[in-house]
Amino acid sequence: MIETVDEALRNTFAWFEVNSGWAPPDDDTLVEWIADGVCRCPDDCIVAPDTWCEHGLASWWLITNELQKNDRRARDRKGLTP
Ligand SMILES: [Zn+2]
């Protein structure tokens with residue numbers, strides 16, 4: 001059972017590795033969803049933007065934010081291994 005955003009994100013990235021056929025929404029689509037107060041998950045479930053579906057997959061909103069955070073982190077730590 002997923003209880004935190006971090007858990008949902010970990011679960012989702014693991015899911016990406018074993019599933020194909022998913023594609024991130026483009027920015028306009030994402031913005032539209034958020035304006036409606038909803039968001040889709042990679043398996044097409046519809047959830048609130050800041051949560052995850054019953055299958056434990058985070059919304060694209062959470063995923064997109066996490067990827068941007070990681071990008072920044074990767075740039076900040078260039079040349080360093082964790
Ligand atoms: Zn789902």
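Everything below is about the structure shown above.
Source: prediction; values computed, not measured.

A. Geometry of the packing of aromatic side chains. As enumerated under the stated definition, the model contains 5 aromatic pairs in all. Plain terms: the ring middles of tryptophan 22 and tryptophan 60 are 6.2 Å apart, the flat faces sit at 40° to each other, and that makes the pair tilted. Taken as a pair, tryptophan 22 in the loop between helix H1 (5–18) and helix H2 (27–35) and tryptophan 60 in helix H3 (residues 60–76) lie far apart in primary sequence, 38 residues in all. For tryptophan 22, a relative accessible area of 30% translates into the label partly exposed.

B. A look at the coordination of the zinc ion. Surrounding the zinc ion are the protein donor atoms Asp43 (OD), Cys45 (SG), Cys53 (SG) and His55 (ND1), at 1.9 to 2.3 Å. Here the zinc ion binds 4 donor atoms, and the angle range of 95 to 118° at the metal identifies the geometry as tetrahedral. All donors of the zinc ion belong to a single chain; written as a sequence motif, their spacing is D-x1-C-x7-C-x1-H. Taken together, the residues span a long stretch of sequence, with aspartate 43 in the loop between strand E1 (39–40) and strand E2 (46–47) and histidine 55 in the loop between E2 and H3 at a distance of 12 residues. Accessibility expressed as a relative area gives 47% for histidine 55, which makes it partly exposed.

C. Representation of the side chain of glutamate 66 within the structure. Note on placement: glutamate 66 falls in helix H3. In this structure, glutamate 66 is in contact with Leu9 and Phe13, ignoring residues within four places of it in sequence.

D. View of the environment of alanine 23. Note that alanine 23 resides in the loop between H1 and H2. You can call alanine 23 exposed: its relative accessible area is 55%.

E. A look at the nonpolar core. One finds Ile2, Ala8, Leu9, Phe16, Leu30, Trp33, Cys39, Ala58, Trp60, Leu62 and Ile63 forming the largest nonpolar core, which totals 11 residues. Once residues lying within four places of it in the same chain are set aside, the contact partners of tryptophan 60 are Phe16, Trp22, Ala23, Pro24, Pro25, Leu30, Trp33, Cys39, Arg40, Cys41 and Pro42. Residues Cys45, Val47, Cys53 and Leu57 belong to the second largest nonpolar core, which totals 5 residues.

F. Layout of the packing of H1 against H3. Between H1 and H3, the shortest axis-to-axis distance is 11 Å and the interhelical angle comes to 90°. Compared by their axis directions, H1 and H3 come out roughly perpendicular. Taken together, the residues of H3 that come into contact with H1 (itself represented by Val5, Leu9, Thr12, Phe13 and Phe16) are Trp60, Leu62, Ile63, Glu66 and Leu67. Of the residues that constitute the contact of H1 with H3, the class distribution is 8 nonpolar, 1 polar and 1 charged.

Conventions used here
- Residues numbered from 1 in each chain as written.
- Predicted model: local features only at pLDDT ≥ 70, side-chain atom pairs only at ≥ 80, totals over all residues.
- Heavy atoms only, no water.
- Phe/Tyr/Trp six-rings, centres within 6.5 Å; stacked < 30°, edge-to-face > 60°.
- Helix = DSSP H or I, 4+ residues; strand = E, 2+ residues; numbered from the N terminus.
- Buried < 20%, exposed > 50% of the residue type's maximum accessible area, 1.4 Å probe, protein only.
- Donors = N, O, S within 2.8 Å, 3.2 Å for Na, K, Ca; no water.
- Tetrahedral: all angles 85-135°; square planar, octahedral: opposite > 155°, others 65-115°.
- Contact = heavy atoms within 4.5 Å.
- Core = buried A, V, L, I, M, F, W, Y, C linked by side-chain atoms within 4.5 Å.
- Axes fitted to C-alpha atoms, helices over the stretch in contact; angles between N-to-C directions.
- Parallel < 35°, antiparallel > 145°, perpendicular 65-115°, else oblique.
- Nonpolar A, V, L, I, M, F, W, Y, C, P; charged D, E, K, R; others polar.

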